[in-house]
Amino acid sequence: MIKLLHTADHQLGVKFVGFGEKGRQLRQAVKESLKATVDLALAEAVDLVLIAGDLFDSNAVSKKLVNEVVAELKRLAPITACILPGTHDCYNASSVYRRPEFRDTPNIHIFTDEIRSIAFPDLDLTVYGRANLNPTGTESPLTGLEKIEETDYHVAMAHGEMAIEGKFAGDYYPVEGREIAASGMNYVALGHWHRCADFSQDGVKAFYCGAPETLSFEEGEDSGYVLLVSIDESATRVEKRRVGKYLWKTVNLEVEAFEREEELLQEIKKHADPNTLLRARLSGLKPVTWDVGEERLAGELEDLFFHLEVIAGELTTSIEPIRAADFPETTIMGQFIRLMEKRLKTAIPDEKPVLEEALQRGFALLSGREA
Ligand SMILES: [Mn+2]
């Protein structure tokens, strides 16, 4: 039996624009996910580590970062790491993999325009990979894949998007299911999609491992993993292992489901965690007296999370019909409604929404409801 660790899409060097000081912590977490990956490979005593593209976010990463990454991968020795250049770190003239830091690294093997298969006779295994030579490409990374029958086990790496009907652009090295089915591989290690996903076809196991440290809300909770792959004569088994630090969650909340404002706050608080980034998307119709806007919620609850963003753009305020005739002029309510109606009549268009909300809020308050 052989045991592999499949990873990809660390995107080391990614900036996390818009996160301010927290961006630095997120960048640190990406580096730590590589360290955790190496630690896991050592603890599990895997035979080989496969990095299926986009280890780096760009070919223009700093020398310091390249040195750190090479030092981490050297720590794997005697375990070998096979690196496939992806879309962000493609094997072009200025590829990061041509830098001097990658010379004299006997346990790091890189697929290039010339190297498309690497044999590991001790493991009875051949690994195949077609390096992406440009950031985009319309040809499948499995094109021209031919099994070399000198070993019993065969594993391919491919960095590109699965060609699912209607769901892909076709510019990122599309891979088709039938190519996986026809590959004759014991396993196909896919990279590019940041979510962990099973694309096994007709008995050929193929997976995206996803980004080991989540990089955006779009990746959601299906990232933060690497895969342990065990292969023997009868089967290939794939196991997910968490290496990521931060959890990026999105929750959609219909405000009508809550009777009181406090219940809505409690619902958001359920996800409270110092390593969670939460995006709470509010929708529906809220009573005028509820102050559950983006600023208030984020301000009140943000300390409970690593990062909290409240999106209230789809929230609308319910409007109550208010008629002055229902309230005598001698009551405070009657006076208030008449005063506001008078002001509304002479208001310029910009003032109207503010006055209308003030009327609604004042009405709710004077009716004895909480504001
Ligand atoms: Mn990619």
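Along each chain, residues carry numbers from 1 onward, in the same order as the chain's sequence is written. Local features in this predicted model are restricted to residues of pLDDT 70 or higher, and side-chain atom pairs are both shown and tallied only at a pLDDT of 80 or more, whereas totals for entire chains, interfaces and linings draw on every residue. With hydrogens and water stripped out, all remaining heavy atoms of the structure feed into the side-chain values.

### Some words on unusual backbone geometry
As a reminder of what qualifies: Helix and strand assignments follow DSSP, with helices taken as H or I runs no shorter than four residues and strands as E runs no shorter than two, numbered in order from the N terminus.
A cis geometry characterises the amide bond from Ala 77 onward to Pro 78, with omega recorded as 10°. Backbone geometry places Asp 9, a non-glycine residue, at a positive phi of 55°. Residue position: Asp 9 is located in the loop between β1 (2-7) and α1 (21-43). One non-glycine residue, Asp 124, lies in positive phi territory at about 60°. Counting through the fold element by element, Asp 124 comes out in the loop between β5 (117-120) and β6 (125-129).

### So, the nonpolar core
Threshold: The nonpolar core is taken to be a set of buried Ala, Val, Leu, Ile, Met, Phe, Trp, Tyr and Cys residues, with the residues joined through side-chain atoms within 4.5 Å. Burial classes follow relative accessibility: with a 1.4 Å probe on protein chains only, a residue under 20% of its type's maximum area counts as buried, one over 50% as exposed, and anything between as partly exposed. Contacts are residue-level and defined by heavy atoms, with any inter-residue pair within 4.5 Å sufficient.
Counting 69 residues, the largest nonpolar core has Leu 55, Phe 56, Phe 102 and Leu 125 as the members making the most contacts within it. The element contributing the most residues to this core is α1, with seven residues. Those residues in contact with Phe 56 that lie beyond four places of it in its chain are Gln 11, Leu 12, Val 61, Leu 65, Val 66, Val 69, His 88, Asp 89, Val 96, Tyr 97 and Phe 102. Among the nonpolar cores identified, the runner-up in size contains 20 residues, and Leu 253, Val 255, Ile 268 and Leu 301 belong to it.

### What to know about the sheet that holds strand β11 (residues 225-231)
To summarise the sheet geometry, strands pair through backbone hydrogen bonds and adopt either a parallel or an antiparallel arrangement. Cut-off, in case you're wondering: For two strands to pair, DSSP has to find at least two bridges joining them. To get an axis, fit a line to the C-alpha atoms, keeping to the stretch in contact for a helix; angles then go from 0 to 180 degrees between the N-to-C directions.
Strand order in the open sheet made by the six strands is β4-β3-β2-β1-β11-β12, with mixed pairing throughout. Whereas interior strands pair on both sides, the edge strands pair on one side only; in this sheet they are β4 (108-110) and β12 (236-242). Strand-to-strand, the axes of this sheet are offset by a mean angle of 20°, without reference to chain direction. Packed on one face of the sheet, α1 meets β1, β2 (48-51), β11 and β12 and runs near 175° to β1.

### Quick look at the coordination of the manganese ion
Put simply, the rule is: Distances define the donors: N, O and S atoms within 2.8 Å of the metal qualify, as do those within 3.2 Å of Na, K or Ca. Water is excluded, so some sites may look unfinished.
Surrounding the manganese ion are the protein donor atoms Asp 54 (OD), Thr 87 (OG1), His 159 (NE2) and His 192 (ND1), at 2.1 to 2.3 Å. Each donor residue of the manganese ion lies on the same chain, and together they follow the pattern D-x32-T-x71-H-x32-H. You can see Asp 54 sitting in the loop between β2 and α2 (63-74) and its partner His 192 sitting in the loop between β8 (187-191) and β9 (197-198), a full 138 residues away along the chain. Each member of the pair, Asp 54 as well as His 192, is classed as buried.

### Brief notes about the packing of aromatic side chains
Basically, it comes down to this: Pairing of aromatic side chains requires ring centres within 6.5 Å, counting the rings of Phe and Tyr and the six-membered ring of Trp. Pairs whose planes differ by under 30 degrees are stacked, by over 60 edge-to-face, and all others tilted.
All told, the structure shown has 13 aromatic pairs when counted by the stated rule. Look at Phe 16 and Phe 19: their rings are 6.4 Å apart centre to centre, the planes differ by 80°, and that puts the pair in the edge-to-face class. Side by side, Phe 16 and Phe 19 carry an identical accessibility label, which is buried. Between the aromatic rings of Phe 19 and Trp 248, the centroid separation amounts to 5.6 Å while the plane-to-plane angle is 75°, which identifies the pairing as edge-to-face. With Phe 19 in the loop between β1 and α1 and Trp 248 in strand β13 (residues 247-254), this residue pair connects regions lying 229 residues apart in the sequence.

### Points about the pattern of salt bridges
We apply this condition: Whenever a carboxyl oxygen of Asp or Glu lies within 4 Å of a side-chain nitrogen of Lys or Arg, that contact is scored as a salt bridge.
In the structure shown here, the tally under the stated rule is 22 salt bridges. Glu 72 serves as the salt-bridge partner of Arg 75, at 2.8 Å between the closest nitrogen and oxygen. Note on Arg 75: relative accessible area 32%, which makes it partly exposed. The class of Glu 72 is buried, set by a relative accessible area of 17%. Note that Asp 222 and Arg 195 form a salt bridge whose closest N and O atoms lie 3.1 Å from each other. Of the two residues, Asp 222 sits in the loop between β10 (206-208) and β11 while Arg 195 sits in the loop between β8 and β9, which places them 27 residues apart along the sequence. Shared partners join several salt bridges into a network, and the residues in it are Lys 3, Glu 44, Glu 239 and Arg 241.

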